[in-house]
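Inside the fold
Each chain is listed here by its residues.
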Amino acid sequence: MSLLKVEDLHVRFRTHKGEISGVQGVSFSLEKGKTLAIVGESGSGKSVTAMSILRLLEENGYIASGRILFEDENGETIDLASLPQEKMYEIRGNQISVIFQEPMTALNPVLTVKKQLCEPFIIHRKASKKVAAAAAEKMLEAVGIPNAQRVMKSYAHQLSGGMRQRVMIAMAIACQPKLLIADEPTTALDVTVQAQIIALMQDLQRQSGAAILFITHDLGVVNEMADDVAVTYCGQIVEQAKKADIFRGEYSHPYTEGLLSSLPSTHKKGERLEQIPGSVPLPNAQPQGCKFSPRCPYKTQKCIDEEPPLFAVPHGGQTVRCFYPAKKERRSGEHAKHIIR
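Residues numbered from 1 in each chain as written. Predicted model: local features only at pLDDT ≥ 70, side-chain atom pairs only at ≥ 80, totals over all residues. Heavy atoms only, no water.

Let us now look at the state of the cysteines. Simply put, disulfide is the name for a covalent bond between the sulfur atoms of two cysteines. Under the definition given, this model contains zero disulfides. There is no disulfide at C118, and the cysteine sulfur nearest it, in C175, is 11 Å away. Note on C118: relative accessible area 6%, which makes it buried. A relative accessible area of 2% means that C175 is categorised as buried. (Disulfide = S-S within 2.5 Å. Buried < 20%, exposed > 50% of the residue type's maximum accessible area, 1.4 Å probe, protein only.)

Here it is in structure tokens:
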């Protein structure tokens, strides 16, 4: 049994124009001690999927169907999708924690770091204030914060971006969770601090054996962090594979190919970066066939008319939601005859 197994998850949102779909049939699993990266542009359903696991959707959002199976601290398998909210309070911050993208908005501006960092120990571990304060200080030291006593007395606005993110990580791992959800935790940081945060998370994972669900749009970070990768588009997983297959495999989704082509490289020095034309369609204006077809350079009439399922390709459990998953095939002269411009 995997630590986390998401099965055919559908998430919908009620709007004044009717219901729209945020996640459509997403399925994946995550093993203990491993890192799964969920990749895609803004609006592709990454964060909605992650927040569904924690049941922290917006008020107008709900899980329409599907299961989110999680192995709890007692070794029992529970379905988070149908778990009562009272039980979810026991899970969040204790067995499953989250690192948010922007700590300045995630941290309470009117409470000191000490007050916020002591809270997990007091609520979930029933520790006294004195014991919680000592544990909180140790957590700050564990994430590489110097002069932890001074930082404990500080407010969020008094800390740098990298320091705030370290405080967020300390809060997330305070109760040694089995699953850590990192929702674009390095996006707002400069490259140097980003590298430090990634190294810190890897060290903490090695020490605790926690599984990490890493949400990002940055394939460079994926190459550093992930064991497995799920690429999302329009609320669907369009490709899932081992990291090596994503970056160097014979098969891929054209969307993944586009994301990789847009990465800066020393081989492209002085050249314009490639880009995927267009943008992710709105949930209420998605095309009939393949969701990526309006932006795809390899689309045929079949792609416009029919929506492809996830195909298993003959290598290492990789799946691709494309009628033409082989790179060599779709780049061939024969395929070019059928491309719709």
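Time to look at the packing of aromatic side chains. Ring pairs (aromatic) are described by centroid distance and by the angle formed between their planes. Per the counting criterion, the structure on display carries four aromatic pairs. Centre to centre, the rings of F311 and F323 are 6.1 Å apart; their planes meet at 55°, and the pair counts as tilted. Residue F311 is located in strand β11 (residues 311-312), and its partner F323 is located in the loop between β12 (319-320) and α13 (327-330); the two are separated by 12 residues in the primary sequence. An aromatic cluster of at least three residues, connected via ring pairs, comprises Y233, Y255 and F292. Directly above the aromatic system of F323 lies the positively charged group of K302, at a separation of 4.5 Å from the ring centroid. Between R330 and the ring centre of Y298, over which it is positioned, the NZ or CZ distance is 5.3 Å. (Phe/Tyr/Trp six-rings, centres within 6.5 Å; stacked < 30°, edge-to-face > 60°. Helix = DSSP H or I, 4+ residues; strand = E, 2+ residues; numbered from the N terminus. Lys NZ or Arg CZ within 6 Å of the ring centre and 35° of its normal.)

Before going further, it helps to examine the side chain of R295. The residue R295 is located in the loop between α11 (254-261) and α12 (301-305) in this model. Engagement of the side chain of R295 in a polar contact is seen with the side chain of Y233, the distance being 3.3 Å. Of note is the side chain of R295, whose polar atom sits 3.2 Å from the backbone oxygen of G278. Among all residues touching R295, those that are not within four sequence positions of it are E41, Y233, I276, P277, G278, S279 and V280. (Polar contact = N/O pair within 3.5 Å; in protein donor to acceptor, adjacent residues only side chain to side chain. Contact = heavy atoms within 4.5 Å.)

With that settled, the discussion passes to the sheet that holds strand β2 (residues 18-30). Spatial strand order, β2-β1-β4-β5: four strands in an open sheet with antiparallel pairing. In the strand order of this sheet, the two ends are held by β2 and β5 (77-79), each with one partner. The sheet shows a mean angle of 10° between the axes of neighbouring strands, taken without regard to direction. Pairing between strand β4 (residues 61-71) and β5: three bridges, direction antiparallel. (Pairing = 2+ DSSP bridges. Axes fitted to C-alpha atoms, helices over the stretch in contact; angles between N-to-C directions.)

Moving on: the packing of helix α7 (residues 161-173) against helix α8 (residues 191-208). Orientation of α7 relative to α8, taken along the N-to-C sense of each, is 15°, at an axis distance of 10 Å. One element, α7, and the other, α8, form an angle in the roughly parallel class. Helix-helix and strand crossings are classified by hand; for α7 and α8 the assignment is right-handed. Each of G162, Q165, R166, I169 and I173 in α7 lies in contact with α8, whose residues at this interface are V193, Q196, I197, L200, M201 and L204. In terms of residue class, the contact of α7 with α8 is built from seven nonpolar, three polar and one charged. (Parallel < 35°, antiparallel > 145°, perpendicular 65-115°, else oblique. Left-handed = near helix turned anticlockwise from the far one by under 90°. Nonpolar A, V, L, I, M, F, W, Y, C, P; charged D, E, K, R; others polar.)

Side-chain pairs of opposite charge can arise where the charged atoms are in close proximity. Considering all chains together, one arrives at 14 salt bridges under this definition. Where E7 meets R67, a salt bridge forms, and the shortest distance between an N and an O atom there is 2.8 Å. Placement of E7 in strand β1 (residues 4-15) and of R67 in strand β4 is noted, with a sequence separation of 60 residues between them. Put simply, R206 and D203 hold a salt bridge, and the shortest N to O gap is 2.3 Å. Here the residue R206 and the residue D203 both occupy positions in helix α8, the gap between them amounting to three residues, near one helical turn. The partly exposed category is assigned to D203, whose relative accessible area is 34%. (Salt bridge = Lys/Arg side-chain N within 4 Å of Asp/Glu carboxyl O.)

Counting 40 residues, the largest nonpolar core has L140, V143, V167, I169 and M201 as the members making the most contacts within it. Secondary-structure elements contributing two or more residues to this core are α4 (113-124), α5 (129-142), α6 (148-152), α7, β7 (179-183), α8, β8 (211-216) and α9 (219-225). The greatest single-element share of this core, amounting to seven residues, is contributed by α7. Excluding residues within four positions of it along the chain, I169 makes contact with I99, V143, I197, L200, M201 and L204. In this structure, V26, I68, I91 and V98 belong to the second largest nonpolar core, which totals 33 residues. (Core = buried A, V, L, I, M, F, W, Y, C linked by side-chain atoms within 4.5 Å.)

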